[in-house]
Structure formats: C-alpha cells, structure tokens
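Given next are the chains, with one letter for each unit.
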Amino acid sequence: MNERRYLLRTFGCQMNEHDSERIAGLLTADGYVSTEDASDASVVVFNTCAIRENADNRLYGNLGHLRPLKQKNPRMRIVVAGCLAQKDGGTIQQRAPWVDVVIGTHALPGLLDLLHRAETGGPQMDVSEVTEVFPSALPALRGVSHHAWVSIAVGCDNACTFCIVPLVRGPQRSRSIGDVLAEVQGLARRGVVEITLLGQNVNTFGRDLTVPGSPRKPLFAELLRAVNEVEDLRRIRFTSPHPHDFTPDVIDAMAESDKVCEHIHFPLQSGSDRVLKAMQRSYRRERYLEWLERIRAAIPGIAVSTDIIVGFPGETGDDFGETLDLVRRARFDQAYTFQYSPRPGTRAATMEDQVPKPVVQERFDRLVALQEAIALEGMRAQVGSTAEVLVEGTGRKGRTQGRTRTNRLVHLDGEHAPGTFLDARIVAAHPHHLDGELVRETVAVG
Ligand code: 5AD
Ligand code: SF4
C-alpha cells in the first residue's frame, strides 16, 4: 500500500523511447515501481511528442481523463515531459492547472528534484534550453536487456521547413567518441548485444566538437569504426543519416565494420525536386537515387527504409507523381509514410496552398498501396534463404519474434529467450514479417 508507483506513457520517436528509459531509471532509483493502472499511481508521466499527430489534443484528452482521479487522490503527481512540454511550457499548466510538473527535453536530470519541490511548492516547470547531461548518462531502466539506445548527439542544425525538432530539441550537441565508447563498453559487459546509435542527423555528428589535442572534428565514420571494436557487442544500428552530405567514408565504414547491420534508414520526404526545395532539403531526386545505388553496391543485400511526407504545402499531382516514380525506382524495403501536418512555429505551417485533406488522403492511400506491394516483393525474395535472427520476445499466438540484421521481423515456432541468436530458414513472406523455421540456436545470452 505504501509502495510508490509510476505510470509512464511514451509517444513519438526513438529519442523519446530513450528518454523514457531514463525517466523510468530515475524513478526506479528513487524507489518507485511501475504500474499500468492510473488509479494506482502516485506519479503519472506523459512523455510527449510534437512532431506530427495532433499531439496537443491527445495530451489534453489524456490530462482530462486524469482530472477526476487527481481530485480523488490529490497526492497523485502528474508530469508532462518531452517535446510538447518543451514547446508549450507554461501553456500546459494554464490549460490543465492540475499538472504538477512540466519538464522539457533538456531538463530530465532534474525530474526528481522537481517532483520533490512540487510536494510543497505547487506546480513546477523547467523548460530550459541547454542540455547539461546527455540522457544516456542517467540511470536507465531498459525494456529489454539485450538492446540499448545510445544517444550520440541531440538537437538538429538543419531547418527542414516542416519540422518542429530544431525548435524543441535545439541546435546539435554531440557527445565525445570517448564518452560514447565508454557507455557502449559498459553495456556490452552487462550483456547488451545490439545497440542503436541515436542522432537527428548522424552525418553531422561531431561538427560541434574537436578531437582533443587537434583542430580536427571527430567524424561519424570514425565513431562507427571505434564502436565496431567493442568486445562482445554483436550488432550496431544507427538512425538516421540525412541524404544531404552523406559521405563516402560512412559507406566505407559501414561496409568494413562487421557489426554494423545491413540496414539503413534514409529519409526521402519527397520525390519531387520542387517540393524538396520548398522543404529545404538540399539534395535532389537523382542525387538521392545515386546514393542509394552506391550504398547498395558497397553493401550487398542492405535493406533500406525511408520516411515520406504526402501533401506538403503546394504539392501538385505532378509532384506526387514524382514521389510515386521514385518509390518505384528506389524499391524501399519499408517506408514510414506521413500525411503532412502543419506544426505551429515552422515555416511550412504558414505557406500558401495547404493541400486539402481529401486530396492528401487519396494520395496517401495510393502511396501506401504501391509501397506495400514493393515491400511484399522484397520480403518474398527472402524465402528460401537462411538468416541470423536476434530474438526480441514472444508475439501474438505465442510465437517467437526477432529481427534479422537487415531489420526484417521474423516469426517462428517454439520458445527462445530474448537475446538469443538463432539461424532461421525463411519459409513464407508477408508485407511486414517473415515466417521462419529454426535451423539452430547459435548463442544464448544471459
Ligand atoms: N508532418 C508530417 N510528417 C512529419 N515529419 C516530421 N515533421 C512532419 C510534419 N510536420 C516526419 C518526417 C520525419 C519523420 C520523423 O517525421 O518524415 O523524417
Ligand atoms: Fe527535422 Fe530536418 Fe532536423 Fe530531421 S534533419 S530533425 S527532419 S529539421
């Protein structure tokens, strides 16, 4: 009864997942245990996202649901964290005065302090703009023990006209290679076999640093090669590179580092040069395709995923046709497709020619149908091959689920512990997963 419990809801991207592991870590270190039941929670945290969906409405809806619970239990503490907290700050407590703590993306290390202060001092807020501590340097409570996110840089120096990230996460700040390496080595010693390096734009990693004792700046390719040397680590992933400035040394480092997986997330956004220009994305369609070709030539069998936005302001039927054409030529293994959503404060939100919703929907449906067919073809081409699978857990119907190095999801029969590596023969293909049969377990971890 006296046990203090927390409920944590995470919205949005991997950065937020990563931040949530830190929020859970801080609360656990302070003696809280996790719960899924709001009526049972002494602290409820919403880690919010501002990038796309109508996050504001969703947050205020969620906060509205909590209000009666808070009235019944005034000792319950409600925390709003993440990008929406950073962006909206005091507006949140004005609209929902029953919120106790608003904490921005840079202020996470101070969470417990703010909670304690809220006990006696009423509502608290910290949306300061400077990161003093990287989230990875805080204690973490990870959802799984074999995989870890590792942030290598926070913030973004680009100014894509649709994107809120530079406004809420600020300019890029990189971590030193030494710090990243020390963290990865520690993780590997504790049984983590797969890491995902996180940055808004990994190509520009290190641009804000210099190598100690030299005027040179550290490079992402160097970081990849260094992490590749970490003992007992088996797989390295990263997200995301920006096609702008994608440099040959990164392709070489990927090709030559055996632990770096054969998968790249390469965000396209649009196949129309006119729209790319309006988005302030500095590459053009032919250059994008050229890069893809080079990457595929250097790393045979590499899987490619992407992000595409449909209905950017001013997008014509012809522009959209260019996107469809590029999608046919690029043959992505996976595409995250988004309907353009105006984010207040961004340049695109005030552009003329916002595309009407029914037009966006119709284009979106066509793009999804095309991409699903292409993805299925790509999956079918895997049938008959044998792939290394890292087990993630058990899915619906009790089947084991895991991922290949190419990030394809594989379902198979039998029970295998998360973190186990096995070889699976691929026997059937579906648009979003493959069916496999066990050939043999290779390494059991833990
Ligand atoms: N509307 C729709 N999609 C967006 N994204 C970012 N901002 C917006 C927006 N305003 C998408 C981009 C980006 C991904 C993380 O989210 O495709 O790559
Ligand atoms: Fe947003 Fe562009 Fe930065 Fe990505 S590169 S976070 S889309 S501004």
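Please refer to the structure placed before this passage.
Residues numbered from 1 in each chain as written. Chains lettered and ligands numbered in written order. Predicted model: local features only at pLDDT ≥ 70, side-chain atom pairs only at ≥ 80, totals over all residues. Heavy atoms only, no water.

Peer 1: Please set out the overall build of the protein residue by residue, giving values where relevant.
Peer 2: Of the regular secondary structure elements, the protein holds 13 helices and 19 strands. Expected size for 446 residues packed as a compact globule is a radius of gyration near 22 Å; at 23 Å, the protein falls within 12% of this value. Considering only C-alpha atoms, the protein reaches an extent of 60 × 55 × 55 Å along its principal axes. Split into buried and exposed, the 446 residues of the protein put 53% on the buried side. Sequence-distant contacts in the protein: of pairs separated by 6 or more residues, those separated by 24 or more amount to 71%. Averaging the positions of the 53 positive and the 57 negative side-chain charges in the protein gives two centres separated by 2 Å. (Helix = DSSP H or I, 4+ residues; strand = E, 2+ residues; numbered from the N terminus. Rg over C-alpha atoms; globule rule 2.2 N^0.38 Å. Buried < 20%, exposed > 50% of the residue type's maximum accessible area, 1.4 Å probe, protein only. Contact = heavy atoms within 4.5 Å. Lys, Arg positive; Asp, Glu negative; His and termini not counted. Charge placed at Lys NZ, Arg CZ, Asp CG, Glu CD.)

Peer 1: How would you summarise the environment of Q339 if you had to cite specific residues and measurements?
Peer 2: Along the polypeptide, Q339 turns up in strand β14 (residues 334–339). Sequence separation between Q339 and F320 is 19 residues; the distance between their C-alpha atoms is 12 Å. Apart from residues no more than four positions distant in its own chain, Q339 is found in contact with V310, K357, V360, Q361 and F364. A distance of 2.8 Å separates a polar atom in the side chain of Q339 from a polar atom in the side chain of K357. (Polar contact = N/O pair within 3.5 Å; in protein donor to acceptor, adjacent residues only side chain to side chain.)

Peer 1: Go over the site of ligand 2, please, and point to the residues and values.
Peer 2: Close contacts around ligand 2 come from C156, N158, C160, F162, C163, V165, P166, Q200, H242 and R281, and that covers them all. Taken together, the residues of the shell around ligand 2 sort by class into six nonpolar, three polar and one charged. (Near = heavy atom within 4 Å. Nonpolar A, V, L, I, M, F, W, Y, C, P; charged D, E, K, R; others polar.)

Peer 1: Describe in detail unusual backbone geometry, supporting the description with residues and values.
Peer 2: Of note, the amide linkage connecting T239 to S240 takes the cis form, showing an omega dihedral of -10°. As for its position among the elements, S240 is in the loop between β11 (235–239) and α9 (248–256). In this model, D232 sits at a positive phi of 70°, which is unusual for a non-glycine residue. Mapping D232 onto the fold places it in the loop between α8 (220–228) and β11. Non-glycine residue D353 carries a positive phi angle of around 60°.

Peer 1: How would you explain the sheet that holds strand β1 (residues 5–10) if you had to name every residue and give the values?
Peer 2: Spatially, the six strands line up as an open sheet ordered β2-β1-β3-β4-β5-β6, and their pairing is parallel. In this open sheet, the two edge strands, each paired with only one partner strand, are β2 (33–34) and β6 (124–126). Relative to β2, β1 runs parallel, the two sharing two bridges. By the bridge assignment for β2, R5 is matched with V33. (Pairing = 2+ DSSP bridges.)

Peer 1: Give me the packing of helix α12 (residues 317–330) against helix α13 (residues 357–380): which residues, what numbers.
Peer 2: Where α12 contacts α13, the two axes come as close as 10 Å, and the packing angle between them is 10°. With respect to their mutual orientation, α12 and α13 come out roughly parallel. Along the contact surface, α12 presents G317, F320, L324, V327 and R328, while α13 presents R363, R366, L367, L370, Q371 and I374. Of the residues that constitute the contact of α12 with α13, the class distribution is six nonpolar, two polar and three charged. (Axes fitted to C-alpha atoms, helices over the stretch in contact; angles between N-to-C directions. Parallel < 35°, antiparallel > 145°, perpendicular 65-115°, else oblique.)

Peer 1: A description of the sheet that holds strand β13 (residues 303–310) should follow, citing residues and the corresponding values.
Peer 2: Judged by pairing direction, the sheet is parallel, and its three strands sit side by side in the order β12-β13-β14 without closing on themselves. Among the strands making up the open sheet, the edge pair consists of β12 (263–265) and β14. Averaged over all neighbouring strand pairs, the angle between strand axes comes to 15°, with direction disregarded.

Peer 1: Lay out helix α11 (residues 285–298) in plain terms, naming residues and giving numbers.
Peer 2: Helical geometry: 3.6 residues make up each α-helical turn, so side chains three or four residues apart lie on a common side. Here α11 contains 14 residues, and its C-alpha end-to-end distance of 20 Å stays within 8% of the 20 Å for a straight helix at 1.5 Å per residue. Among the residues of α11, those classed as buried are R285, Y288, L289, W291, L292 and I295. On an axial view of α11, the arc spanned by its buried residues comes to 155°, and they lie on one face. Relative to its buried face, α11 has exposed residues pointing more than 90 degrees away, namely E293 and A297. Lining the buried residues of α11 we find α9, β12, α10 (273–279), β13 and α12. (Expected span 1.5 Å × (residues − 1). Arc of directions from axis to C-beta.)

Peer 1: Lay out the site of ligand 1 in plain terms, naming residues and giving numbers.
Peer 2: Around ligand 1, the surrounding shell consists of I51, R52, F162, Q269, D307, I309, F338, Q339, Y340, S341 and R343. Note that a nitrogen atom of ligand 1 is positioned 3.0 Å from one of the backbone N or O atoms of F162. Taking Q269, its side chain carries an N or O atom lying 2.6 Å from an oxygen atom of ligand 1. Bound to the protein, ligand 1 loses 88% of the 410 Å² it would expose on its own. Counting residues per element, the ones that place at least two in the shell around ligand 1 are β13 and β14. Along the lines of polarity and charge, the residues of the shell around ligand 1 split into five nonpolar, three polar and three charged. (Areas by Shrake-Rupley, 256 points an atom, 1.4 Å probe, with all protein chains shown as cover.)

Peer 1: Report on the packing of aromatic side chains, specifying residues and quantitative values.
Peer 2: Summed over the entire model, instances satisfying the criterion amount to seven aromatic pairs. For the ring pair F312 and Y340, a centre distance of 5.6 Å and an interplane angle of 70° mean the geometry is edge-to-face. Separated by 28 residues along the polypeptide, F312 in the loop between β13 and α12 and Y340 in the loop between β14 and α13 bring together distant segments of the chain. By the burial criterion, F312 is buried, and Y340 matches it. An aromatic cluster is defined as three or more aromatic residues linked by ring pairs; in this entry it consists of F246, F266, Y283, Y288, W291 and F332. A cation sits over an aromatic face here: R234 above F421, 3.8 Å from the ring centre. (Phe/Tyr/Trp six-rings, centres within 6.5 Å; stacked < 30°, edge-to-face > 60°. Lys NZ or Arg CZ within 6 Å of the ring centre and 35° of its normal.)

Peer 1: Before we move on, can you summarise the side chain of R169 with the specific residues and values?
Peer 2: The topology assignment puts R169 in helix α6 (residues 165–169). Judged by relative accessible area, which is 7%, R169 ranks as buried. Within the local environment of R169, its side chain forms a polar contact with the side chain of N16, the two groups lying 2.9 Å apart. At 3.2 Å, the side chain of R169 and the side chain of D19 are in polar contact. With residues near it in sequence (within four places) discarded, R169 still touches M15, N16, D19, C83, T105, H106 and G155.

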